[in-house]
Amino acid sequence: MNAYDNALRQLETAAKIMNLNEETLARLSSPEKINMASLPVRMDDGTLKIFQAYRVQYNSARGPYKGGIRFHPQVNLDEVKALSFWMAIKCSVVGIPMGGGKGGVIVDPKSLSIKELERLSRAWIRAFRPVIGPEKDIPAPDVYTTPQIMAWMADEFSQLEGKPSLGVVTGKPVEFGGSLGRGTSTAQGGFYVLQAAVKQLGLASQGLKVAIQGFGNAGAVMAGLLFEAGYKVVAVADSSSAIYDVNGLDIPELMQYKASTKSVKNFKGSKEISTEELFALELDVLIPAALENQITENNAENIKAKILLELANGPTTPEADDILFKNKVVLIPDVLANAGGVTVSYFEWLQNLSNNYWSEEEVDKELRDRMMPAWSAVWETGQKYQVNLRSAAFVTALERIDKASRARS
Ligand code: NAD
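Residues numbered from 1 in each chain as written. Predicted model: local features only at pLDDT ≥ 70, side-chain atom pairs only at ≥ 80, totals over all residues. Heavy atoms only, no water.

Caption draft 1: Spatial organisation of the site of the ligand. Taken together, 23 residues are adjacent to the ligand, and Asp-142, Thr-186, Asn-217, Ala-218 and Asn-313 come closest. Ser-239 places a main-chain nitrogen or oxygen 2.9 Å from an oxygen atom of the ligand. Between the ligand and Ala-290 there is a distance of 2.9 Å, counted from an oxygen atom to a backbone nitrogen or oxygen. Within the complex, 87% of the 820 Å² of free accessible area of the ligand lies under protein. Secondary structure elements with two or more residues in the shell around the ligand: α6 (182–200) and α7 (217–228). Residues that form the shell around the ligand fall into these classes: ten nonpolar, eight polar and five charged. (Near = heavy atom within 4 Å. Polar contact = N/O pair within 3.5 Å; in protein donor to acceptor, adjacent residues only side chain to side chain. Areas by Shrake-Rupley, 256 points an atom, 1.4 Å probe, with all protein chains shown as cover. Helix = DSSP H or I, 4+ residues; strand = E, 2+ residues; numbered from the N terminus. Nonpolar A, V, L, I, M, F, W, Y, C, P; charged D, E, K, R; others polar.)

This is how it looks when you write it as structure tokens:
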């Protein structure tokens, strides 16, 4: 399965539904620019290693490119292209005046020392400096990239420019140009949308059963928010294990446990299950928050959840989308469900450019004020065209990109 093929199929489906202008469709059928580099990095033992790196700049009709950088062994160009396309859609869905970009490095960051990771992060900036910048393209964290990595990147760029240029990347530590609320924003945005969906479907939010695949930035914070709000998180998975407790996992304790053991494996009171068992549990809400292509034609029929909230990017294939829609599973697509991250990234960038920083309450209010209208627009578009919420989100986003493209041409 190729993530970019999936992305293009999603584009075609939405284009047909809304009868998208042919020129806009042609512009969106390939990236505006693909940047590649081989990054030479000195290892601690004195040897030199070369890492393949990417920055894809997909579409800038609505503003500068925006999107994360992923450090992962399975990064490949098609994946980066897909992710950059989804960023263009995502920014548009939540009404942010930015385009879509994405970056990556083929690397297992867990095999690097802190110093090697720093050298790799700085090398990425040196390689892509000509094509990025606060007015051009603003990267951010993604899988296995952290606020610390963003700080090294902002520092490297600032040194090369000879002036503080903190707006070059977002997701930085709060002490170095980061925004309050950025660390929790992806989950927080998803939480607002989930609450709206729960209300729309007439479900009572107390005691709703949830399973989450992925227990990192996105998944673990979401688990915490749901736990606090009275949901019952019965299963979570990370890369080492999937665990289940019919009575609900104690998420604050699990977070401490994971922080000390680096894994959710063998958490007290839980039993180990397979990923496929996790997906097939009797649930109200299933939240993929790890990697793409997890829910496919092979396992979609087994899903019993009423709502599937995609905190991960691209976790569901088009074939699975159709099966879930037929089975009346309300799928809240990644481009809406996880758009809280890029929304607060945009706030961070605004704060950097104005050198004026907002309180946590302001950030949270502004985030809510972006997510709720986005949810309503997507839900109403879904009702209007009688399509699933992914197509509805794409149609909503494409209408805006189309207007910007045509105004410029
Ligand atoms: P992360 O690196 O913090 O966490 C990833 C988690 O997934 C880890 O717990 C890891 O153990 C787990 N994982 C990896 N492979 C797995 C597997 N095969 N089975 C089960 N779990 C597995 O990354 P993140 O920032 O939480 O990102 C997760 C997803 O959310 C990605 O798809 C990312 O693109 C998306 N996302 C993240 C943000 C953000 O702000 N962090 C924003 C938008 C989208």
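This is not the end of the story, as more comes after the structure.
Caption draft 2: Spotlight on the pattern of salt bridges. In this structure the tally under the stated criterion is 25 salt bridges. In this structure, Arg-55 engages Asp-137 in a salt bridge whose closest nitrogen and oxygen atoms are separated by 2.7 Å. Taken together, the positions of Arg-55 in strand β2 (residues 48–59) and Asp-137 in strand β5 (residues 137–141) put the pair 82 residues apart, joining distant regions of the chain. On the basis of relative accessibility, which here comes to 0%, the residue Arg-55 falls in the buried class. (Salt bridge = Lys/Arg side-chain N within 4 Å of Asp/Glu carboxyl O. Buried < 20%, exposed > 50% of the residue type's maximum accessible area, 1.4 Å probe, protein only.)

Caption draft 3: Focus on α7. Compared with the 16 Å implied by 1.5 Å per residue over twelve residues, the 17 Å span of α7 between its first and last C-alpha is a close match. Phi turns positive one or two residues past the end of α7, at Gly-230, with a value near 95 degrees. (Expected span 1.5 Å × (residues − 1).)

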